[in-house]
Amino acid sequence: MNCTRKITDDLIWVGGNDKKLSMFEGYYPVPSGVSYNSYILKDEKTVLFDTVDKSEFGVFSANVKNVLDGRKLDYLVVHHMEPDHSATIEWVVNMYPEVKIVCSQKTTAMLNQFFGGRITAETVEVKEGDTLETGKHTLHFVMAPMVHWPEVMMTYDSCDKILFSADAFGSFGTLDGAVTDEEKETDMDEARRYYTNIVGKYGPQVKAVLGKAASLEINMICPLHGLVLKNGIEMMTEKYLKWSAYEPEEKGVLIAYSSVYGNTENAAYFLACKLFEKGLKVRMFDVSVTHSSYVIAEAFRVKNIVLATTTYNNGIFVTMEDLINELISHNIQNKNIAVIENGSWAPVCGKLVKAKFEKSRNIEFIGDTVTIKSAAGGEAADKLAELAELIAEKAQ
Ligand SMILES: Cc1cc2nc3c(=O)[nH]c(=O)nc-3n(C[C@H](O)[C@H](O)[C@H](O)COP(=O)(O)O)c2cc1C
Ligand SMILES: [Fe+2]
Ligand SMILES: [Fe+2]
């Protein structure tokens, strides 16, 4: 069976889709699955761009054989050694023993680490600006270190003006037979969740690559996950410029809360009501219920964040502490943060929450921490209403 898709006269998608995967990278829920993209260029020479995860070996190997249709494979370009794209390299070199592996210098060492010296194919190490002629096409190699692994590189095909962007410009979600964003709309929420969680920590490195890409005329972006971008190049580049600079897409308000018995939750709802009354857009997440990846994505999207949590054995409630650790490890910056704490005898979590952001860049706290003693009545409710005023001033 042939599950390949022609993208141009010379370029064919030969990847796979996984709808059964529950946790991408062992951590991120993927309710719409994930695609592992691999592409074959059929020129005077043949080129395979990356491979797929081991879960998609069956369909991938059949796709490659179908497309090459008896031709030999001249080159395998390895943009990224993370096993979701490299696990099936061993099959490629066994199947096509004359293949040359084209990769960055750091990739060679990783090939040995992952495959214990079993990859004996000749490697062609390339560096920034190197080119490879395949006949009609010329491939230009662009190094992209730490987007999001050290060995990452991208390839620009100057003939058809295509950027092979490795993990950048990707998204969660299977393709389901589509291949470009002309055929199927990109789910921006999933594209954002993918970028912010997987690559978001490396804003400066992403910015550096965007700077290099700005000088290229690009008609198409072929990422390693998700749809090939044609329509959405400009829109997605604008998003990437914002995300990599930790600039919000809009002022909006994110309320993330944890609550054991519902009182802190009530306070969060009370605040949300006040904010909507003032015309603000609010999204709320119970951090014990919603996977952190969704909250991280929203934290990148908006400027204003409210963290409401309970004191728990003299500390911050577990799921909120986990979320804050993740926000910090994703280098979250340029945000306004309001803190609401609850404690029935010695509320301390507000102070602890603020201390966590000590080393984060450009974090402004909105007003003072609002303290709730068990349930928010009287004075605490007044303080929450005041906090709503202060947030509205920032978010209007
Ligand atoms: C297991 C547990 C440990 C707690 N530890 C503290 C604490 O160390 N100090 C404190 O002031 N409150 C503590 N609390 C009370 C909570 O901070 C909070 O006031 C209470 O759970 C009511 O808020 P909620 O309805 O949002 O859960 C604890 C609650 C639980 C369930
Ligand atoms: Fe990756
Ligand atoms: Fe990947």
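Reading the values: the criteria
Residues numbered from 1 in each chain as written. Chains lettered and ligands numbered in written order. Predicted model: local features only at pLDDT ≥ 70, side-chain atom pairs only at ≥ 80, totals over all residues. Helix = DSSP H or I, 4+ residues; strand = E, 2+ residues; numbered from the N terminus. Buried ≥ 20, exposed ≤ 12 C-beta atoms within 10 Å, placed from the backbone. Contact = placed C-beta atoms within 7 Å. Near = placed C-beta within 6 Å. Nonpolar A, V, L, I, M, F, W, Y, C, P; charged D, E, K, R; others polar. Core = buried A, V, L, I, M, F, W, Y, C linked by C-beta atoms within 7 Å. Domains from an automatic or database assignment. Axes fitted to C-alpha atoms, helices over the stretch in contact; angles between N-to-C directions. Parallel < 35°, antiparallel > 145°, perpendicular 65-115°, else oblique. Left-handed = near helix turned anticlockwise from the far one by under 90°.

On a plain count of helices and strands, the protein chain comes out with 12 helices and 23 strands. Expressed as lengths along the three principal axes of its C-alpha atoms, the size of the protein chain is roughly 80 × 40 × 35 Å. Buried residues in the protein chain amount to 45% of all 396 residues. When contacts within the protein chain are restricted to residue pairs at least 6 apart in sequence, long-range pairs at least 24 apart make up 72% of them.

Attention now moves to the site of ligand 1. Neighbouring ligand 1 are 18 residues; V260, Y261, N263, T264 and G343 lie closest to it. For the shell around ligand 1, the secondary-structure elements that each account for two or more residues are α8 (263-277) and β19 (302-312). Sorting elements by how many residues they give to the shell around ligand 1 places β19 first, with 3 residues. Here the residues of the shell around ligand 1 are counted per class, giving 6 nonpolar, 12 polar and no charged.

What follows deals with the nonpolar core. L76, I255, A256 and V306 are the most contacted members of the largest nonpolar core, which has 117 residues in total. The greatest single-element share of this core, amounting to 6 residues, is contributed by helix α12 (residues 378-395). When residues of this core are assigned to domains, at least three fall in each of domain 1 (5-244) and domain 2 (250-395). The contacts of L76, once residues within four sequence positions are left out, are L48, I89, V92, V99, I101 and V102.

Here the focus is the domain arrangement of the protein chain. Segmentation of the protein chain into domains returns domain 1 (5-244) and domain 2 (250-395). Here the C-alpha centroids of domain 1 and domain 2 sit 38 Å apart. Listed per partner, the contact involves 10 residues of domain 1 and 10 residues of domain 2. Those elements giving two or more residues to the side of domain 1 that touches domain 2 turn out to be β5 (28-29) and α5 (188-199). Broken down by element, the side of domain 1 that touches domain 2 gets its largest block of residues, 4 residues, from α5. Of the residues belonging to the side of domain 1 that touches domain 2, the class tally is 3 nonpolar, 4 polar and 3 charged.

Let's shift gears to the packing of α8 against α12. Orientation of α8 relative to α12, taken along the N-to-C sense of each, is 45°, at an axis distance of 9 Å. One element, α8, and the other, α12, form an angle in the oblique class. Considering the relative orientation of α8 and α12, their crossing is right-handed. Where α8 approaches α12, its residues A267, F270, L271, K274 and L275 are matched on the opposing element by A381, L384, A385, L387, A388, I391 and A392. Broken down by class, the residue content of the contact of α8 with α12 amounts to 11 nonpolar, no polar and 1 charged.

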